[in-house]
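Inside the fold
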Amino acid sequence: MNKINGQIESTTVAFEDFAKYNEQVVTVKGYIHRIREMTGFSFIILRTHNQTIQCVYAPEFSSYRFDETITEETCVEVKGKVVCSKDAKGNDRYEIQIHDIKVLSRPKELLPIVVNKKQLDNIQLNTILDLRPISLRNPKQRAIFKIQEGIQRGFREFLSKNNFTEIHSPKINFAGAEGGTNVFKLDYFGKEVFLAQSPQLYKQAMVGVYERVFEIAPVFRAEHHDTSRHLNEYISMDFEMGFIDSFEDIMNMETGALKYIMNLLKTEYQNEVELLKIDIPEIDSIPSMKFMEAKELLMKKFKYQPTDMKDFDPQEEELLGKYAKKELNSDFIFITHYPSKKRPFYTMDDPNDPEYTLSFDLLFRGLEITSGGQRVNDYDTQVAKMVKCGMNPELFETYLMFHKYGAPPHGGLGLGLERLTMHLLGFKNVREATLFPRDINRVTP
Ligand code: ATP
Ligand code: MG
């Protein structure tokens, strides 16, 4: 806790800390979140970056003369005495008896939406997104991105503890890594370049230097459809690790990271977890199933006739999620050995059955959140696979340096931050879990 000249630094005081200041005079800065006028006094609810604090204004205690020019969303510095009273359950409840108020800034207009209720009632998602800078002032909306921060923080902390080096790869690239049509082209001083679809090629090269690397950064996908799970710019949490014995090493590392993240949310983000009523998944070990086994299960158990035998559609993912929950008591399930035809050129084929790959997806409550796997590390094999995929290896000379001059067995994954947040919070639309979403219809705010 910071104490500066006897004043509490408002941005670092948690509400619980007020117990330590009982009967003392403190100064707290924040927004006026709500004003509730009572007979003879008013409640002024102050909103700081992480909490709301009840302050009581009564003319007999205050040198400040309260008037109607103070409205909600006014920025103030409140000076007052911390006092304790009991709540309905008999717990101590602290509030500030206001001695003085200093107005730091006033809003020019009243807010176009009500943000000071527990949640934003009956407001369309599009309006919430249009008004993001202010709709996020609502405590429940704000909590979403605190949870998202916790997820990233957990990923970063866990990997750092496991000797991964954090890197930043370029987002303006000479080639798209993931193939397909969803790449954004860019005019780069007369030359055609691409926005990064993933840090794939660079993180692989860095395995040759740091052995284990990770990156948390935006990636770009020109998704032509307006779906509830796709964005055109999203945050990819990637890692890549060398000297693996099997692609299962990567799945184990991801399991560890997810356990760490969920535990961090439980221990350090309790307020947000409670506010959003998050059902944090219990993770012990994550079950896995081969792609073809999963297809058979869908056909036999669920009588589902797949339209595509090389990938899953959203409904199939949902059914597999239900199966994992009901039969295996797990919110997560790894699906392994995807068909070679559907995986990118850098994916290693299964030596025992080259039609399939040493790759996996992770489904969380019936939604894909990760793709990963072992990569080709032999130069000749990689060149041959590129040719088979209709690519020109000469254009990938810098990428292939890694393979040409010695690459250990390695692999990694990409985990979509917004997708994980969305499903953890039980949202139907990924945009709800995106700070400022970019989709086919939206580039503002
Ligand atoms: P999908 O099949 O769901 O379109 P993908 O297989 O094309 O996804 P990958 O290239 O495997 O996507 O990306 C790895 C992860 O990144 C995905 O598992 C997902 O969590 C996330 N992701 C991929 N595309 C998007 C997107 N357009 N918007 C948000 N997250 C995405
Ligand atoms: Mg995928």
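Before going into details, it helps to say that this report is about the structure given with it. (Residues numbered from 1 in each chain as written. Chains lettered and ligands numbered in written order. Predicted model: local features only at pLDDT ≥ 70, side-chain atom pairs only at ≥ 80, totals over all residues. Heavy atoms only, no water.)

Helix and strand counts for the chain come out as 11 helices and 20 strands. A principal-axis box enclosing the C-alpha atoms of the chain has dimensions of 85 × 55 × 40 Å. The buried share of the chain, taken over its 445 residues, is 50%. Looking at the chain alone, contacts between residues at least 24 apart form 63% of all its contacts between residues at least 6 apart. For the chain, the accessible area works out to roughly 22,300 Å², and carbon and sulfur atoms hold 50% of it. In the chain, the 57 positive side-chain charges and the 64 negative ones have mean positions that sit 4 Å from each other. (Helix = DSSP H or I, 4+ residues; strand = E, 2+ residues; numbered from the N terminus. Buried < 20%, exposed > 50% of the residue type's maximum accessible area, 1.4 Å probe, protein only. Contact = heavy atoms within 4.5 Å. Areas by Shrake-Rupley, 256 points an atom, 1.4 Å probe, with all protein chains shown as cover. Lys, Arg positive; Asp, Glu negative; His and termini not counted. Charge placed at Lys NZ, Arg CZ, Asp CG, Glu CD.)

Time to look at the sheet that holds strand β18 (residues 359-364). Read across the sheet, eight strands follow the order β8-β12-β13-β20-β19-β18-β15-β14 without closing on themselves; strand pairing throughout is mixed. In the strand order of this sheet, the two ends are held by β8 (165-166) and β14 (288-290), each with one partner. Strand direction decides the pairing type here: β18 and strand β19 (residues 367-374), joined by six bridges, are antiparallel. Bridged to Phe-360 within β19 is Gly-372. (Pairing = 2+ DSSP bridges.)

Okay, the site of ligand 1 next. Taken together, 13 residues form the shell around ligand 1, and within it His-230, Leu-231, Glu-368, Ile-369 and Ser-371 come nearest. Residue Leu-231 places a main-chain N or O atom 2.9 Å away from a nitrogen atom belonging to ligand 1. In this structure, Gly-416 approaches ligand 1 through a main-chain N or O atom, which is 3.2 Å from an oxygen atom. Coverage of ligand 1 by the protein chains reaches 83% of its 590 Å² of free accessible surface. For the shell around ligand 1, the secondary-structure elements that each account for two or more residues are β19 and β20 (410-416). Here the shell around ligand 1 takes four residues from β19, the largest share from any one element. For the shell around ligand 1, the per-class residue count stands at three nonpolar, five polar and five charged. (Near = heavy atom within 4 Å. Polar contact = N/O pair within 3.5 Å; in protein donor to acceptor, adjacent residues only side chain to side chain. Nonpolar A, V, L, I, M, F, W, Y, C, P; charged D, E, K, R; others polar.)

This part covers the packing of aromatic side chains. Going through the model one piece at a time under the given rule, you end up with 15 aromatic pairs. Considering the side-chain rings of Phe-174 and Phe-396, the 5.9 Å spacing of their centres and the 65° angle between planes classify their relative orientation as edge-to-face. Residue Phe-174 is located in the loop between β9 (172-173) and β10 (185-188), and its partner Phe-396 is located in the loop between α9 (379-388) and α10 (397-404); the two are separated by 222 residues in the primary sequence. By relative accessible area, Phe-396 is classed as buried at 7%. Measuring from ring centre to ring centre gives 4.7 Å for Phe-291 and Phe-312, while their planes differ by 40°; the resulting arrangement is tilted. One end of the pair, Phe-291, is in helix α7 (residues 291-300); the other, Phe-312, is in the loop between α7 and α8 (314-328), and 21 residues separate them in sequence. We note that Phe-291, like Phe-312, is buried. Against the face of Tyr-31 rests Arg-47, its NZ or CZ located 4.7 Å from the ring centre. (Phe/Tyr/Trp six-rings, centres within 6.5 Å; stacked < 30°, edge-to-face > 60°. Lys NZ or Arg CZ within 6 Å of the ring centre and 35° of its normal.)

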